[in-house]
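Residue-level listing of the chains:
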Amino acid sequence: MRKPTRSREVGRGERVLPGAWRLRLPLPWPGVPHCNAWALAAGDGIVLVDTGMHEPGSMAHLERALDQAGLQIEDVRLIVCTHAHVDHCGQAPPIAERTGCEVWMHPNHAHHTASSGDLEQTLARRVEIARQSGVPEEPLRRWVEQRRGQGTGQAGTLKVDRELTDGMTVDTDLGAWQVVETPGHAPSHICLYQPERRLLISGDHLLGRVSLYFDAGHTPDPVGEFLASLDKVEGLSSRLALSGHGRPFADVPAHIAANRALVAERLTAVKAALAAGPRTPYELAQEVYGELFMEATANWLLSKVRSYLTHLEQHGDAVRGGETPERWSAAA
Ligand SMILES: [Zn+2]
Ligand SMILES: [Zn+2]
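This structure is a prediction, so every number in the text was calculated from the model and none was measured. (Residues numbered from 1 in each chain as written. Chains lettered and ligands numbered in written order. Predicted model: local features only at pLDDT ≥ 70, side-chain atom pairs only at ≥ 80, totals over all residues. Heavy atoms only, no water.)

Got a sec to walk through helix α5 (residues 119–132)? Specific residues and values, please.
The α-helix winds at 3.6 residues per turn, so residues separated by three or four positions along the chain end up facing the same way. Spanning 14 residues, α5 covers 20 Å between terminal C-alpha atoms, matching the ideal 20 Å at 1.5 Å per step. All of the buried residues in α5 are L119, T122, L123, V127, I129 and A130. The buried residues of α5 all sit within an arc of 165 degrees when viewed along its axis, so they share a single face. Of the surrounding elements, those touching the buried residues of α5 are α6 (137–148) and α10 (295–314). Phi turns positive one or two residues past the end of α5, at G134, with a value near 90 degrees. (Helix = DSSP H or I, 4+ residues; strand = E, 2+ residues; numbered from the N terminus. Expected span 1.5 Å × (residues − 1). Buried < 20%, exposed > 50% of the residue type's maximum accessible area, 1.4 Å probe, protein only. Arc of directions from axis to C-beta. Contact = heavy atoms within 4.5 Å.)

Shown next as structure tokens:
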């Protein structure tokens, strides 16, 4: 009997502006079919913003996307990563090795780089957090087994040649792009802003379809940091955003407002669930996300719920109790 073959996505490249190409690269994740890398003309080559994740065949997808844009890996003069998530930096080391180019990124990348080369270490930390969050042993065991079957998404060891912070710039033929630190989605997140053209490379800070994610446990208040980053980006006058996933989008202020509204809605939902009595983060994630909560999304949704709880705790609206599992209550 023939196995059903899944028709897989392939890398695609298209010019979005003179001197700027969108490289759409496939991802193996449920609900997130692609990520974008951006090629920006710079002298006799390109600056590559983000790289796609590393998995079998992923470099061929990037090469195919570049080829459709009339480019090749050898044209890469510099890699800039918007943040240290594998879909944005997973292929940086082999590209840097092939071309001899540098890799620039925000310095707060330890949330990824400290354990990115070691799947067992990453899994052990995730399991500890899952137990603290009240995840039952059986689904946790299944999740670990499934994750063991996949790679880390990161090729080689990510080495950062220059640390990007506010006030620094990245030069391209489109002009100089200002680095704008935008933590929240990840502690290492930056956006790039080109003021004369009012272009924003928004990474995962702002996406065309509002979709939130926060890396929990590395900074005091990821949700608070994200809200402050929205304020900061609102102060720019971007007319077009080139995001880490999905098509470029205009009307950046409306997207910022929609993100704020969704954060407020989720915080209200978490508070309402806590008002009914103490809950573990696992129980809260099920209540707040309903049927969106399933094994494939649990890890992602739990990180968000834990970030909302931390935010409420910082604002005196929630109290953490117990250790394993943690049980959270509404503040008296
Ligand atoms: Zn990300
Ligand atoms: Zn991403």
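Summarise the packing of aromatic side chains; cite the residues concerned and give the values.
Counted under the stated rule, the structure contains 3 aromatic pairs. A ring pair is formed by F214 and Y308, whose centres lie 5.5 Å apart and whose planes are at 80 degrees; its orientation type is edge-to-face. Taken together, the positions of F214 in the loop between β11 (199–203) and α7 (222–234) and Y308 in helix α10 put the pair 94 residues apart, joining distant regions of the chain. Between Y282 and F293, the aromatic rings sit 5.5 Å apart at their centres with planes inclined by 75 degrees, giving edge-to-face as the arrangement. Taken together, the residues Y282 in helix α9 (residues 281–289) and F293 in the loop between α9 and α10 connect sequence positions 11 residues apart. A relative accessible area of 15% places Y282 in the buried class. (Phe/Tyr/Trp six-rings, centres within 6.5 Å; stacked < 30°, edge-to-face > 60°.)

Quick rundown of the coordination of the zinc ion (ligand 1)? Include the residues and the values.
Ideal coordination angles are 109.5 degrees for a metal with four donors arranged tetrahedrally and 90 or 180 degrees for a metal with six donors arranged octahedrally. Distances from the zinc ion (ligand 1) to its protein donors, namely H83 (NE2), H85 (ND1), H185 (NE2) and D204 (OD), fall within the range 2.1 to 2.4 Å. In this structure, the zinc ion (ligand 1) is coordinated by 4 donor atoms arranged in irregular fashion, with angles at the metal of 90 to 171 degrees. In primary sequence terms, the donor set of the zinc ion (ligand 1) follows H-x1-H-x99-H-x18-D. Separating the zinc ion (ligand 1) from the zinc ion (ligand 2) is a distance of 3.5 Å, and D204 supplies a donor atom to each of them. Here H83, found in the loop between β5 (76–80) and α2 (86–89), pairs with H185, found in the loop between β9 (175–181) and β10 (190–194); they are 102 residues apart in sequence, far enough to count as distant. Note on accessibility: H83 and H185 belong to one class, buried. (Donors = N, O, S within 2.8 Å, 3.2 Å for Na, K, Ca; no water. Tetrahedral: all angles 85-135°; square planar, octahedral: opposite > 155°, others 65-115°.)

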